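Each chain, letter by letter, is given below.
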Amino acid sequence: MHAFDVLGDPVRRRILELLGDGELSSGEVCAVIRDEFGISQPAVSQHLRVLREHGFARVRPEGTRRLYAVEPQALRDVDEWLERFRAFWAQPLDALETEIARGRRARRLAGQDGGGGSTTEKRSPT
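The following paragraphs examine the structure supplied in this document. (Residues numbered from 1 in each chain as written. Predicted model: local features only at pLDDT ≥ 70, side-chain atom pairs only at ≥ 80, totals over all residues. Heavy atoms only, no water.)

## Concerning the side chain of Arg-12
Alright, step 1. When you line up the elements, Arg-12 lands in helix α2 (residues 10-20).
Alright, step 2. Despite being buried, Arg-12 has no salt bridge partner; Asp-9 is the closest side chain of opposite charge, sitting 4.3 Å away.
Alright, step 3. Looking at Arg-12, its side chain comes within polar contact range of the main-chain oxygen of Val-6, at 2.9 Å.
Alright, step 4. Side chain to side chain, Arg-12 and His-47 meet in a polar contact 3.2 Å long.
Alright, step 5. Sequence-distant contacts of Arg-12, defined by excluding residues within four places in its chain, comprise Asp-5, Val-6, His-47, Val-50 and Leu-51. (Helix = DSSP H or I, 4+ residues; strand = E, 2+ residues; numbered from the N terminus. Buried < 20%, exposed > 50% of the residue type's maximum accessible area, 1.4 Å probe, protein only. Lys, Arg positive; Asp, Glu negative; His and termini not counted. Salt bridge = Lys/Arg side-chain N within 4 Å of Asp/Glu carboxyl O. Polar contact = N/O pair within 3.5 Å; in protein donor to acceptor, adjacent residues only side chain to side chain. Contact = heavy atoms within 4.5 Å.)

Next up, the structure:
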């Protein structure tokens, strides 16, 4: 199974998001996923197994509990694969950053003229 087949499932993506915040027990993961997706505990366990078997999550026993965490190497591999495509969005994001900076500069300069960008005319007496 390719990494994107694993990550293509919204339940598995959500599990990784949860684990990204720190280690969780299988019960904690199941409770959230059951509430959000309405699936059973065995179905959540199956998703956890897929993530484990494909290197996206690791598990460690602690007494009777099983604690899950993100396995960063699998995500690094995905990131490396995506590297060749970054050029498609890097340049537009750089352009957006430039436009934001221009807008800030324009607002700052408008604030320096004392009138928020508007000027007042002085009339000479007639």
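## Considerations on the side chain of Ser-25
Alright, step 1. In this structure, Ser-25 sits in strand β1 (residues 24-25).
Alright, step 2. Classification of Ser-25 by relative accessible area gives buried; the value is 8%.
Alright, step 3. Discounting chain neighbours no more than four positions away, the residues touching Ser-25 are Arg-65, Arg-66 and Leu-67.

## Notes on the sheet that holds strand β3 (residues 65-70)
Hydrogen bonds along the backbone pair up the strands of a sheet, which may run parallel or antiparallel.
Alright, step 1. Read across the open sheet, the 3 strands follow the order β1-β3-β2; overall the sheet is antiparallel. Both edges of this open sheet fall to β1 and β2 (57-62), since each of them pairs with a single strand only.
Alright, step 2. Of the strand pairs in this sheet, β2 and β3 are connected by 6 bridges, and their pairing is antiparallel. Residue pairing in the sheet places Arg-58 in a bridge with Ala-69 of β3. (Pairing = 2+ DSSP bridges.)

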